[in-house]
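# Topology and contacts: notes
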Amino acid sequence: MATGSVLRFGAQTDEVTSLLRIVNMVRAGEAATRPEIGRLTGLGRGVVAQRVDQAIEMGYLEDAAFGPSSGGRAPRTLRFRSERGRIVICALGALHIHVGVSDLDGEILAQSHRDWSIARGPADTLTTALEMVDELLSEDDTPVWAVAVGLPGPVDFTTGRPVAPPIMPGWNGFDVRRRFEQRFDAPVWVDNDVNILALGERARRRSAAPDLIYCKIGTGIGAGLLSHGRIHRGANGAAGDIGHVRVADSEHLCRCGKVGCLEAVAGGWALVRDAEAAIAGGATGPLAAQAGRGQAIDPEAISVAAADGDALSISLIQGSARVVGESIAALVNMFNPSVIVIGGAVASAGEVFLAEVRQRVYELSLPLATRDLSIVNSVNDPSAPLHGGVELVQEQLFEATFPRWFADGRPTLAQLTAVG
Ligand SMILES: [Zn+2]
């Protein structure tokens, strides 16, 4: 590929920069024709034509239908060839595996889901997840360009390894990335599941630079922080791990081994504990009746019962929301987000939870920090972790690492793992 070698030689020249920008403009839908690209970049017609020809030759773009005419000859539209590669997403939760395959534009082409305990350890879990992906790819010969993996615990993003995850015995330091790299011979990014949900929100809102906190109140509790649209991971990947922040006046033992953590008071597993204790102590109502019929109580059951007016469940959900609201208020004062999105099984009780969180946050935060703040429930989309994984891959491929691999026409593991 002659063009590629010339461009590789002049890496990071204006020529390369404008070529990558043009590919990304068409990919993101910012420009669809050569004249539009000219207007947005300020490049002359001849230069635009030349760059577009290079992008076509390298396989990134192709000519599509004629666009609307503005008087003269209608310009040819361009399209990004999203069908050339696949993105694999593997979202692992505490109690499930959710995998998906998308094209390079992020359209989910296939997905599957199964119940699974992450406590079964990395070897069995990843083997099972890879079998699920194989099944999805069984009739698809398109090369996998990249993989996103979400884990329900802190992840060192630079190494792709979990760091002392409280609910994932056996996973500490496991080389998750390597396992997927070996299988797909493609670059792999591993991140905390809440960071991935925060990125999914960014994509859904089509907002380039939100200051947003995604707070997940599920079995455990965690938060993903977007600062001007970028994930704030912190020095070790632990940023936003609010579930293990100490709550005043609590002596509850946490799953992490410490005492008085937020999730030991307000997380889904803590609510199940408290519900069972209340029922054993004689509490009545729909949730107690459900337990009496031998049905297991889980966080979802408590949320559903609260939304249906069960007094015990409402008091548990409101108690959780009050404590969560206090922790979020501290984050609001420190981080000053414009949007807080609340998701997870406990929060799915809806307004019962949200109203209490809002009240605590407005009560305890500085007026300036809440002036333009909105606190909303997440849209209840089961595919949200897949969309977030796609967003992570697109950001890493087409923004962070594009200059390193574009000359090859597709990302390769060798290019992306090369030193420097
Ligand atoms: Zn803890």
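You'll find the structure just up there.
The notes below deal with the structure included here. What you are looking at is a predicted structure, and each value in this text was computed from that prediction instead of being measured.

All right, on to the overall build of the protein chain then. Of the regular secondary structure elements, the protein chain holds 17 helices and 14 strands. Its C-alpha atoms give the protein chain principal-axis dimensions of roughly 80 × 50 × 35 Å. Taking all 420 residues of the protein chain together, 52% fall into the buried category. When contacts within the protein chain are restricted to residue pairs at least 6 apart in sequence, those whose partners lie at least 24 apart make up 59%. Accessible surface, the protein chain: about 18600 Å² in total, of which carbon and sulfur atoms supply 51%. Counting 38 positive and 48 negative side-chain charges, the protein chain places the averaged centre of each group 5 Å from the other.

Another aspect to go through is the coordination of the zinc ion. Here the zinc ion is held by the protein donor atoms His244 (ND1), Cys254 (SG), Cys256 (SG) and Cys261 (SG), which lie 2.0 to 2.3 Å from it. For the zinc ion, the 4 donor atoms in the first shell make angles of 106 to 118° at the metal, so the coordination geometry reads as tetrahedral. Coordination of the zinc ion draws on donor residues from a single chain, spaced H-x9-C-x1-C-x4-C in sequence. Of this pair, His244 sits in the loop between strand 12 (230-231) and helix 8 (262-266) while Cys261 sits in the loop between strand 12 and helix 8, and the two are 17 residues apart along the sequence. Accessibility assignment for this pair places His244 and Cys261 in one class, buried.

Unusually for a residue other than glycine, Asp185 sits at a positive phi of about 50°. Tracing the chain through its elements places Asp185 in the loop between helix 6 (176-184) and strand 9 (188-192). Look at Asn336: it is not a glycine, yet its phi comes out positive at around 50°. Note that Asn336 resides in the loop between helix 12 (311-335) and strand 13 (339-343).

Our next topic: the sheet that holds strand 4 (residues 96-103). The strands making up a sheet are joined through hydrogen bonds of the backbone, oriented either antiparallel or parallel. Spatial strand order, 5-4-3-6-9: 5 strands in an open sheet with mixed pairing. Only two strands of the sheet have a single neighbouring strand rather than two, namely strand 5 (108-115) and strand 9. On average, each strand axis in the sheet is tilted by 15° relative to the strand beside it, whichever way the strands run. Of the strand pairs in this sheet, strand 6 (residues 144-151) and strand 9 are connected by 5 bridges, and their pairing is parallel. If you follow Val147 over to strand 9, its bridge partner there is Val188. Running at roughly 35° to strand 4, helix 5 (residues 122-137) makes contact with strand 3 (86-92), strand 4, strand 5 and strand 6 of the sheet. Relative to the sheet, helix 7 (residues 193-205) contacts strand 6 and strand 9, its axis offset from that of strand 9 by approximately 100°.

Conventions used here
Residues numbered from 1 in each chain as written. Predicted model: local features only at pLDDT ≥ 70, side-chain atom pairs only at ≥ 80, totals over all residues. Heavy atoms only, no water. Helix = DSSP H or I, 4+ residues; strand = E, 2+ residues; numbered from the N terminus. Buried < 20%, exposed > 50% of the residue type's maximum accessible area, 1.4 Å probe, protein only. Contact = heavy atoms within 4.5 Å. Areas by Shrake-Rupley, 256 points an atom, 1.4 Å probe, with all protein chains shown as cover. Lys, Arg positive; Asp, Glu negative; His and termini not counted. Charge placed at Lys NZ, Arg CZ, Asp CG, Glu CD. Donors = N, O, S within 2.8 Å, 3.2 Å for Na, K, Ca; no water. Tetrahedral: all angles 85-135°; square planar, octahedral: opposite > 155°, others 65-115°. Pairing = 2+ DSSP bridges. Axes fitted to C-alpha atoms, helices over the stretch in contact; angles between N-to-C directions.

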